[in-house]
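Take a look at the letters that make up each chain.
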Amino acid sequence: MITPVERFRGCLMGLMLGDAIGAPFEGCRQGIEPDFQKDLPAVLRYTDDSEMAIGVGESLIASDGFDPDDMAMRFAENYNPLRGYGSGTAAIINMIKSGMHWKEANTKVFKNGSFGNGSAMRAAPLGLFFSHRTGQLRAAVEEASSITHHHVLGKEGAVLLAYAVSLLVTQEVMKDRNHMIDALLGFTSSDEYSAKLLIMKELIKEEASGEQVVLRLGNTVLALESVPAALYVFLVYGSDFKKMMQVCISLGGDTDTIGAMAGALSGCLLGEQALPGEWIQKLENGEKGKDHIVEIAERLFLMHQAHS
Ligand code: R7I
Ligand code: MG
Ligand code: MG
C-alpha cells in the first residue's frame, strides 16, 4: 500500500531523477541505448526542469496557495543560467529580474507567448497541490504557465501533465492505460492534444517501435510533442522506472524534459521507495538538491491535507 505522502515524495523525486538521468543525452538522436552501469556520471546534476519545479513548489508553500506574482519572483530568484534554460524562458526571466511584470514580459519574445515545454516540465507540484480540487486546477495551471509560456499550446501541455499527476494521486492506481487517456481526453478541449492522445491509443495497441513514437508524437522541446511523448512512455513503461528512463533516452531529442515529466508520473504511481536507490544516492544535494525537493513534497502534502 503506497501512502499519499509517498506518492508526493515519489512524484518530485521522480521528476528530479528523470531530469538528471536524461540531461546528458538531451539533443541526441533517436536509437541510443544507454548502459546505466557505465554511462552514469559520479554526480547526477539536475537542470532547469527541476529548478523551475522547485520554484513552483516553494511558491505554493510560501504563499499558502497559488500566487502568480510570487511564483514569477521565485523563478527569477532561483534562476541559474548554467542549468540549461530554453532561450525564450531565460530572456523572460531576465526581463522579470530587471523589473518588468511577467504579464508584459511573457509576450516579448514570442508574440503569442511560448509553446515550448518549459511550463509542462514544472507543472507536477501544481498537480499534487490541486489533486483534490481539480475544479481549480485548470485555471491555476494555465496562469502559472502564462508567467513564461502564454501560448495556448504551452498552457495546455502544463494542464494535461498536472491533471495526469492529480489522477494518480486521487485514483491511486490507474485501471488501465486507456483509462488515463480517456480521462485526459475528457479534460481537454484542445483539438491538437486530443489528436495526440488518440494517436497514443493506436501506438499502444500496435506496440509501436520507438521510431514510430517519435514520428507520430515527436520528441522535441515543443509542448505538443514532448508532453504526449512523456505520457506515452509513462503509460507503457512507468511501472519500471529504470526501463522507462532507458526508453526516454532512446527516443532522443528532449530527453531530460521527457524524463522529468515521465519521472514525475512514474514516481507518483510507484512512490519514492520504488525509485532506484543507487540513482537517488548519486543525485546532487547542494542547497536545493534532493533533500530540498523531498521537503517541498512533504510540505505540499501537509498543505494539501489542510486544504482538502
Ligand atoms: O520552453 P522552454 O522553457 O524550454 C524548455 C527546454 C527544456 O528542454 C529544458 O530542458 C531546456 O533545455 O529548455 O523555452 P522556450 O524558449 O520558451 O521554448 C523552447 C523553444 O521552442 C524556443 O527556443 C523555440 O525554438 C521554440 N518556440 C517557438 N518557436 C516559434 N514560435 C517556443 N515558442 C515558440 C513560438 O511561439
Ligand atoms: Mg532541462
Ligand atoms: Mg530539456
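See the structure printed just above.
Residues numbered from 1 in each chain as written. Chains lettered and ligands numbered in written order. Predicted model: local features only at pLDDT ≥ 70, side-chain atom pairs only at ≥ 80, totals over all residues. Heavy atoms only, no water.

### Let's talk about the coordination of the magnesium ion (ligand 2)
- Note on the magnesium ion (ligand 2): its protein donors are Thr47 (OG1), Asp48 (OD), Asp49 (OD) and Asp256 (OD). The metal-donor distances range over 2.1 to 2.3 Å.
- In primary-sequence terms, the residues that donate to the magnesium ion (ligand 2) follow T-D-D-x206-D.
- The distance between the magnesium ion (ligand 2) and the magnesium ion (ligand 3) comes to 3.7 Å, with aspartate 256 serving as a donor to both metals. With a gap of 208 residues between them, aspartate 48 in helix 2 (residues 48-62) and aspartate 256 in helix 14 (residues 255-270) connect regions that are remote in the sequence.
- Exposure remark for aspartate 48: the relative accessible area of 7% places this residue in the buried category. (Donors = N, O, S within 2.8 Å, 3.2 Å for Na, K, Ca; no water. Helix = DSSP H or I, 4+ residues; strand = E, 2+ residues; numbered from the N terminus. Buried < 20%, exposed > 50% of the residue type's maximum accessible area, 1.4 Å probe, protein only.)

### Considering the nonpolar core
- Residues Leu12, Tyr232 and Trp279 are the most contacted members of the largest nonpolar core, which totals 110 residues.
- If one sorts the elements of this core by residue count, helix 8 (residues 152-170) sits on top with 12 residues.
- Each residue touching tyrosine 232, except ones within four places of it in the same chain, is listed here: Met200, Leu203, Ile204, Ala208, Val213 and Leu217. (Core = buried A, V, L, I, M, F, W, Y, C linked by side-chain atoms within 4.5 Å. Contact = heavy atoms within 4.5 Å.)

### Description of the layout of surface pockets
- Taken as a whole, the largest pocket encloses approximately 360 Å³ of empty space.
- Forming the boundary of the largest pocket are 26 residues, of which Gly86, Ser114, Gly116, His149 and Val221 lie nearest the centre.
- Secondary structure elements with two or more residues in the lining of the largest pocket: helix 2, helix 4 (87-97) and helix 14.
- Taken together, the residues of the lining of the largest pocket sort by class into 7 nonpolar, 14 polar and 5 charged. (1 Å grid on protein atoms, 1.4 Å probe; cavity = no way out; pocket = protein on both sides within 12 Å on 5 of 7 lines; lining within 4 Å. Points joined across faces, edges and corners; volume = space filled by probe spheres on them. Nonpolar A, V, L, I, M, F, W, Y, C, P; charged D, E, K, R; others polar.)

### Digging into the coordination of the magnesium ion (ligand 3)
- At the metal site, the magnesium ion (ligand 3) is ligated by Glu26 (OE), Asp254 (OD), Asp256 (OD) and Thr257 (OG1), and these contacts range over 2.0 to 2.3 Å.
- Each of the 6 donor atoms bound to the magnesium ion (ligand 3) contributes to angles spanning 80 to 177°, and the resulting shape is octahedral.
- Mapping the donors of the magnesium ion (ligand 3) onto the primary sequence gives the spacing E-x227-D-x1-D-T.
- Here threonine 257 falls in the buried class, since its relative accessible area comes to 2%. (Tetrahedral: all angles 85-135°; square planar, octahedral: opposite > 155°, others 65-115°.)

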